[in-house]
Amino acid sequence: WRGGGGELDLVLREGELMVIVEVKTRPSADADPLATVRDPVRRRHLVSAGRAYHAQLPRPRPAGRFDIALVIPDPECPANPNVVIHEDVLSSSAD
């Protein structure tokens, strides 16, 4: 989804919660999964897009959170990468 000056990779529901997931591919598990939300410009674009998406939903609007899905290729099985989910990344890296 694109809007609000940014782009959302995935928008999901977990019960009554709206979950926005930023998907990042990294060469290894050693990569910093929170680099996206630590960079102020990238964080601003992500939050702005999330707010724009949320605003267009019918009322009552669900509560939401931002997660990061870190996709790490498995060199022995490229068709089956490892995926690590980091939940609620904006609250855990708040400015």
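About the criteria used
Residues numbered from 1 in each chain as written. Predicted model: local features only at pLDDT ≥ 70, side-chain atom pairs only at ≥ 80, totals over all residues. Heavy atoms only, no water. Core = buried A, V, L, I, M, F, W, Y, C linked by side-chain atoms within 4.5 Å. Buried < 20%, exposed > 50% of the residue type's maximum accessible area, 1.4 Å probe, protein only. Helix = DSSP H or I, 4+ residues; strand = E, 2+ residues; numbered from the N terminus. Contact = heavy atoms within 4.5 Å. Expected span 1.5 Å × (residues − 1). Polar contact = N/O pair within 3.5 Å; in protein donor to acceptor, adjacent residues only side chain to side chain. Patch = residues over 30% accessible without salt bridge, like charges linked within 9 Å, V, L, I, M, F, W, Y side chains within 5 Å. Areas by Shrake-Rupley, 256 points an atom, 1.4 Å probe, with all protein chains shown as cover. Salt bridge = Lys/Arg side-chain N within 4 Å of Asp/Glu carboxyl O. Pairing = 2+ DSSP bridges. Axes fitted to C-alpha atoms, helices over the stretch in contact; angles between N-to-C directions.

Draft legend 1. Local environment of the nonpolar core. Core analysis: the largest hydrophobic core is formed by 14 residues, its most contacted members being L8, V37, F66 and V89. Elements represented by at least two residues in this core include exactly strand 4 (17-25), helix 2 (40-55), strand 5 (64-72) and helix 3 (89-92). A per-element tally of this core places helix 2 first, with 4 residues. Residue contacts for L8: discarding those within four places in its chain leaves W1, I20, L46, A49, G50 and Y53.

Draft legend 2. A look at helix 2. Counted at 1.5 Å a residue, the expected span for helix 2 with its 16 residues is 22 Å, and the 22 Å between its end C-alpha atoms agrees. The N-terminus of helix 2 is capped by D39, whose side-chain oxygen sits 3.0 Å from the backbone nitrogen of V41.

Draft legend 3. Here's a closer look at the environment of H86. Within the secondary structure, H86 sits in strand 6 (residues 82-86). The sequence separation of H86 and S28 amounts to 58 residues, and the corresponding C-alpha distance is 15 Å. Discounting chain neighbours no more than four positions away, the residues touching H86 are P33, D67, I68 and L70.

Draft legend 4. Looking closely at a nonpolar patch on the surface. A cluster of nonpolar side chains, L10, L12 and V23, forms an exposed patch at the surface whose accessible area comes to about 210 Å². Residue position: L10 is located in strand 3 (residues 10-14). Accessibility expressed as a relative area gives 37% for L10, which makes it partly exposed.

Draft legend 5. Fine view of the environment of H45. As for its placement among the helices and strands, H45 is situated in helix 2. Judged by its relative accessible area of 39%, H45 is partly exposed. Note: C-alpha distance between H45 and L8 (37 residues apart in sequence) is 9.5 Å. Excluding anything up to four places from it in sequence, H45 contacts G5 and G6.

Draft legend 6. Fine view of the sheet that holds strand 3. Spatially, 4 strands are ordered 3-4-5-6 in an open sheet, and the strand pairing comes out mixed. Whereas interior strands pair on both sides, the edge strands pair on one side only; in this sheet they are strand 3 and strand 6. Here the strands of the sheet are splayed against their neighbours by 30 degrees on average, with no regard to which way each runs. Relative to strand 4, strand 3 runs antiparallel, the two being bridged by 5 bridges. Bridge assignment links V11 to a residue of strand 4, and that residue is I20.

Draft legend 7. Main features of the pairing of strand 5. Strand 5 sits mainly inside the fold: 8 of its 9 residues count as buried. Direction of pairing for strand 4 relative to strand 5: parallel, over a ladder of 8 bridges. Across the sheet, the residue bridging to K24 is L70, located in strand 5. Pairing geometry for strand 5 and strand 6, over 5 bridges, is antiparallel. Pairing of V71 across the sheet is with V83, part of strand 6.

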